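As a plain string of letters, each chain reads:
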Amino acid sequence: MKFGKTFESHLTVEWREQYMRYGVRREFPPSRSAHSVPALPKDLKHMIKRALEDAPSALLVGDYALQSYFRAFEERFLMECQLELTRVDNFFLEKLMEAKRKHGHLKLQLMAFTRAPGYTASEVSMASQQLGSNRSQGSRLQVRDLTAPKKVMTHGQLSTAYCEFYLSLVLIQNYQTLNETGFRKICKKYDKNLRSTVAGRWFAENVANAVFTDGRYLQRMIREVEDLFTTHLTRGNRQMAMAKLRVPPLGKPSSPAMVFQSGFALGMLLMLFLGTAISCMLCVFGKCPLDSLPPFDKATFMSLYRGPFTWVIFNLYMAANVAGWQRAGVNHILIFDIDPRDHLQPARFLEIACIFGILWTLSMLGFLHHGVMHLSDPFIFPLVLILILAGLLLMPLPILNLKARWWTIKLLGRVVTAPLHYVGFADFWMGDQLNSLVNCLVDHYLMVRFYLVYWLYRERCLSCFQLDVMVPIVRCLPAWFRFAQCLRRFRDSGSKSMIYLFNAGKYSMSFLVVLFDTLRQRSEGQHDSALGNPYTWLFVGSYMLATTYGCLWDVLQDFGLFRIMDGPRIFLREQLVYPQAFYYFVIVENFCLRWLWALEFAILYNNLIAPYNVRTITSIAEITRRFIWNYVRLENEHLYNCGRFRATRDIHLAQLNPRQERMLESMMDESDGVSNRRKPEARVHLSKEYF
């Protein structure tokens, strides 16, 4: 692999703009000046290539003109290299000082946790000792007036903080080695193509003695973190400590075994789905050769299997989302606050989705052909399917990606209890997914009610899919979760960020839509036609307002589009991760699928398609819209992280008391004991595995 591709694949995406411009293509806004100098190439590699292509021919000009051209290019090239070196040095120093302060803070918290001598005494405890003999004179009140001791971090909090801090140190080290190797490679390329030694001398005089190429202090900090973590948090077990601290290799592909398993599961799903589709068609047209089905209507059959089928499609879409984010360089692991040591590969997501799909097809085949298995009650198969899927999610055994399942359960719990705690991006995201799965949630509620009624009153099982008072409540629950999340974020912002109230207003419109739709359905027999019902017009009007609100919020806030109103990127924004045409497709697709309810209303009003078929189509269309929405929404959040140079999860540290603050300042003022000047052979190069 050429170094340019290695450089691009191994860099930290959130710091992309701070790396040297070896071969990374970065887009800049075009110059508007008519007399401006032609723009320089976007990176140093193409700068050398352009200089060689534009060089005058030796047959047309003299040696003096040719030498003048290359001397001018040499001066410009070295000036660009010096600018890149200064930028890399400054960013490295900034991150190193930030890491140094975090390291000192964590070390003080760790020493306080282990009750090391000299690290736990606060001003309050010292004052208490001095005033212990005067308690009868009110000294206790005087102690309370002093600064109170701060909360000590727990073992789990310290372990998580140190793991994330260790990852940040590894990223800084990777930034260091990639940039140093990039400067060395570009200087060699310059000397080779222009038959010169100037770039090599510039590298030896400038880069070899630069601040960012001296990795001794960073390496010492990494070793100290490893030793502290081993000694105090894993009881001296270094193997366990390194297993928790070590970060997976950058760009690690899925293992061949994982790819084979997901491919095998996908093949099984396709074959079983084809067989299920053929069986359904034969039974629907009355040509089922195996047995006669019990008396039930199609709506019951669709309602029993539509909910699980929606989950299957949703999981397949999630596998495609993860693969797309990974391919485009969108760091979804950071956005969702997932530990990079435990995240799932796209192949694993696909395997899980295919397993759900296989269970769904087997259940449906069992329902259609239950007579072959000598079973008189086919309705046992949908119940077994739901119980198996719930068991796979809730099973506490360390199999089938326990950490991922536990993360999902905790996230769902945080969504349900949104007003009681701080709300993060993952909570927002999961709430939005639930809003697109409203019909799926209703189907599962109706299924639970069906089996409760079925086991108690078998003769009434065909009418238990009618809507009741709980259906509107279930339809409002996802919107309520997001509404409560927005109010909590508004409260946490100090009531200053009005954008959260506007977002809450968007979800409050769903309450009106559900209210008027419920009143419309309950008063259908009281009017000559649906259009004569006043609740119909209230429903249509509220739905139009909610849809318009949602469309504008999607493109302006969630996607961050319509920032540019002229030029080649009209209606888009400055930074784009996906191809430009994709964003125009998303705008049109999101608008059309948002307004699909109007087509559904017209179809049902004219009785063109059965209601259960229309609901199935709209359910799949909505999760398809959310599937495409996920791409652009996470890209927008990723660009926000890039703007903040946030490459690791935030470390929440306990506040230090005044004594610890003074100790931290003393640690920051201490000399590193490492000189910026060192011998060239002491440089740390990238290992051969990078090439």
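Residues numbered from 1 in each chain as written. Predicted model: local features only at pLDDT ≥ 70, side-chain atom pairs only at ≥ 80, totals over all residues. Heavy atoms only, no water.

Quick look at the overall build of the protein chain now. When you go through the protein chain residue by residue, the secondary structure sums to 24 helices and 0 strands. Looking at the 691 residues of the protein chain, the share that counts as buried comes to 44%. Intrachain contacts of the protein chain at a sequence separation of at least 6 include 74% that bridge at least 24 residues. Within the structure as shown, the protein chain displays about 36,700 Å² of accessible surface, and the carbon and sulfur contribution to it stands at 61%. (Helix = DSSP H or I, 4+ residues; strand = E, 2+ residues; numbered from the N terminus. Buried < 20%, exposed > 50% of the residue type's maximum accessible area, 1.4 Å probe, protein only. Contact = heavy atoms within 4.5 Å. Areas by Shrake-Rupley, 256 points an atom, 1.4 Å probe, with all protein chains shown as cover.)

Let's shift gears to the packing of aromatic side chains. One pass over the full model with this rule turns up 49 aromatic pairs. With 6.0 Å between their ring centres and 35° between their planes, F7 and Y22 make a pair best called tilted. In this pair, F7 is assigned in helix α1 (residues 3–10) and Y22 in the loop between α1 and α2 (44–54), connecting sequence segments 15 residues apart. Both residues of the pair, F7 and Y22, count as buried. Between the aromatic rings of Y543 and W597, the centroid separation amounts to 4.2 Å while the plane-to-plane angle is 0°, which identifies the pairing as stacked. Residue Y543 is found in helix α20 (residues 534–558), and its partner W597 is found in helix α22 (residues 596–605); the two are separated by 54 residues along the sequence. Judged by its relative accessible area of 26%, Y543 falls in the partly exposed class. With relative accessibility at 7%, the residue W597 sits in the buried group. (Phe/Tyr/Trp six-rings, centres within 6.5 Å; stacked < 30°, edge-to-face > 60°.)

Further remarks concern the side chain of E635. For E635, the position within the fold is in helix α23 (residues 611–643). Beyond its immediate chain neighbours, meaning those up to four positions away, E635 contacts V330, R573, Q575, L576, V577, Y578 and Y583.

Turning our eyes to something else, we now look at the pattern of salt bridges. Under the definition given, this model contains 28 salt bridges. Two residues, K107 and E224, come together in a salt bridge whose shortest N-O distance is 3.0 Å. Of this pair, K107 sits in helix α3 (residues 63–113) while E224 is found in helix α8 (residues 216–233), placing the two residues 117 residues apart along the sequence. R633 is the partner of D558 in a salt bridge, and the nearest nitrogen-oxygen pair spans 3.6 Å. With D558 in helix α20 and R633 in helix α23, this pair connects stretches of sequence that are 75 residues apart. Each member of the pair D558 and R633 is classed as buried. One salt-bridge network, in which partners are shared between bridges, spans R21, E80, E84 and R87. (Salt bridge = Lys/Arg side-chain N within 4 Å of Asp/Glu carboxyl O.)

We now examine the nonpolar core. Counting 63 residues, the largest nonpolar core has F77, F183 and W202 as its most contacted members. Element by element, the count of residues in this core is highest for helix α6 (residues 155–194), at 17 residues. Non-local contacts of W202, meaning those with residues more than four positions away in its chain, are made with L78, C81, Q82, L85, F183, C187 and V207. With 62 residues, the next largest nonpolar core counts M318, F356, W429 and F481 among its residues. (Core = buried A, V, L, I, M, F, W, Y, C linked by side-chain atoms within 4.5 Å.)

Here we come to the confidence of the model for the protein chain. Caution applies to low-pLDDT parts of the model: their predicted coordinates are not meant to be read in detail. With 85% of its residues at a pLDDT of 70 or more, the protein chain has an overall mean of 83. By mean pLDDT, helix α4 (residues 123–130) is the weakest element of the protein chain at 37, and helix α21 (residues 580–594) is the strongest at 96. Here residues 673–691 scores under 50 on pLDDT; set against residues more than four positions off or in separate chains, the count is 35 contacts. (pLDDT = per-residue confidence, 0-100.)

So, about the environment of G541. Tracing the backbone shows G541 in helix α20. Residues G541 and L512 lie 29 residues apart in sequence; the distance between their C-alpha atoms is 10.0 Å.

Moving on, we get to the environment of G424. The topology assignment puts G424 in the loop between α15 (402–416) and α16 (425–436). Taking relative accessible area as the criterion, G424 reaches 18% and is therefore assigned buried. Counting along the chain gives 65 residues from G424 to R489, while the straight-line C-alpha distance between them is 8.8 Å. Contact partners of G424, with chain neighbours within four places excluded, come to R414 and R489.

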